[in-house]
Amino acid sequence: MNTKPRKVMIIGSGNVGTSAAYALLNQNICEALLLVDLDTARVEGHCQDLRDAAAFMPGMMSIDVRDAGDCADVDIAVLTVSGGALKPGQTRLDELTNTAQIVKKIVPQMMAGGFNGIFLVATNPCDIITWQVWQLSGLPRSQVIGTGVWLDTTRLRRTLAEKLEIGAQSIDAFILGEHGDAQFPVWSHSSVYGSPVSDVCLKQTGQPLDRDALAETVRKLGFEIYARKGCTEYGIAATIAEICRNIFTGSHRALAISCILDGEYGERGLAIGVPAVLAQSGVQQIIELQLAPDEQAKFSHAVSVIKSNIARLP
């Protein structure tokens, strides 16, 4: 019987990191949470606060503060560091310079500390930073993933579900591409109850589905939340928790996450959002969807956007 506690280290105790810790705690996804942040007073405060919350939960969970280098026993390391708030009119890609400098310091420190778990990157721009972490770590590509477009995919399913007044779990649809402006829904592989989304929408609402308008709504959701409250935290925290749960349980479920490509979709030299099967070792299989011609063009555009920004890495 395997009694080894499942350990998740969260690097960065800002809104995303602490919300992710709270989600992991409430969903009882691991037995040990480790928080890392340069602001020692703040991270210790979060640690004590989370311990209070954990006292209400069944079972036991240890919650401690650590240095990033003390990570040899960590199963999943979640990167949530940020280089600062976005200014009006900026996109996730504008975060690259500052966040890449932070990541460039943290990852080598962790590898020197003996880390051999799975990196889960939530730091933006997610796809570019996922690639950077893989390059810096030297780990197999299966062990370096990003939250990618799984939150965007969930937003698409939620928005469709609200429109059709059904449960989001009944919708089979994916967003692919960049976690940013170059994302796109894969309508050619989208269905509800096994029927094409457009057919179900017309039957349920009497109106044809405006695919372009819906894709734009989903693309802008994160920015709208950010504009209203100055951050996004709960959605991405739930995304992190869900990915961690699927890794720990070895669910073999397909999630749309940022993966390092090595020939899949005819591409190499980048990380990008694609459906991938998750197991306890990380990515077990990248699913190659047969894209329609317009979808292939959008995928190629996302590739060019990501690669051009990878070229900007320090």
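Computed from a prediction, not measured in an experiment: that's the story for all the values here. (Residues numbered from 1 in each chain as written. Predicted model: local features only at pLDDT ≥ 70, side-chain atom pairs only at ≥ 80, totals over all residues. Heavy atoms only, no water.)

### A look at the environment of Arg-228
The residue Arg-228 is located in helix H7 (residues 211–229) in this model. Sequence-wise, Arg-228 and Ile-166 are 62 residues apart; in three dimensions their C-alpha atoms are separated by 27 Å. (Helix = DSSP H or I, 4+ residues; strand = E, 2+ residues; numbered from the N terminus.)

### Some details on the pairing of strand S14 (residues 282–286)
Across four bridges, the pairing between strand S13 (residues 268–279) and S14 is antiparallel. When the sheet's bridge partners are listed, Ala-276 is paired in S14 with Ile-286. Linking S13 back to S14 in an antiparallel pair, the connection comprises two residues. (Pairing = 2+ DSSP bridges.)

### Some points on the environment of Leu-139
Inspection of the secondary structure assignment puts Leu-139 in the loop between helix H4 (126–137) and strand S6 (144–146). Judged by its relative accessible area of 8%, Leu-139 is buried. Taking C-alpha positions, Leu-139 is 27 Å from Asp-94, a pair spaced 45 residues apart along the chain. Beyond its immediate sequence surroundings of up to four residues, Leu-139 is in contact with Met-111, Phe-115, Asn-116, Gly-117, Phe-119, Trp-134 and Val-144. (Buried < 20%, exposed > 50% of the residue type's maximum accessible area, 1.4 Å probe, protein only. Contact = heavy atoms within 4.5 Å.)

### Here we look at the pattern of salt bridges
Taken as a whole and assessed by the stated rule, the structure comprises 17 salt bridges. The salt bridge partner of Arg-6 is Glu-31, with a shortest N-O separation of 2.5 Å. Linking Arg-6 in the segment before strand S1 (7–11) with Glu-31 in the loop between helix H1 (15–26) and strand S2 (32–36), this pair joins segments that are 25 residues apart in sequence. For Arg-253, the salt bridge identified is with Glu-242, shortest N-O distance 2.9 Å. With Arg-253 in the loop between helix H8 (234–249) and strand S12 (254–262) and Glu-242 in helix H8, the pair connects residues that are 11 residues apart, well separated along the chain. On the basis of relative accessibility, which here comes to 35%, the residue Arg-253 falls in the partly exposed class. A relative accessible area of 16% places Glu-242 in the buried class. (Salt bridge = Lys/Arg side-chain N within 4 Å of Asp/Glu carboxyl O.)

### A closer look at the UniProt feature "binding site: NAD(+)" (unreviewed entry) in the protein
On the UniProt side, "binding site: NAD(+)" (unreviewed entry) is annotated at positions that read Gly-12, Ser-13, Gly-14, Asn-15, Val-16, Gly-17, Asp-37, Arg-42, Ala-122, Thr-123, Asn-124 and Thr-147 here. On the basis of their most widely separated C-alpha atoms, the annotated residues across 136 residues do not gather in one place, lying as much as 25.1 Å apart. Take Gly-17: it is sitting in helix H1. Ignoring anything within four residues of it in the chain, the contact list for Gly-17 reads Ile-10, Gly-12 and Thr-80. (UniProt positions renumbered as here; feature names shortened; annotations may be inferred.)

### Quick word on the UniProt feature "active site" (unreviewed entry) in the protein
According to UniProt, the positions carrying the feature "active site" (unreviewed entry) are His-179. Here His-179 shows up in the loop between strand S8 (175–177) and strand S9 (183–185). Owing to a relative accessible area of 8%, His-179 belongs among the buried residues under this scheme.

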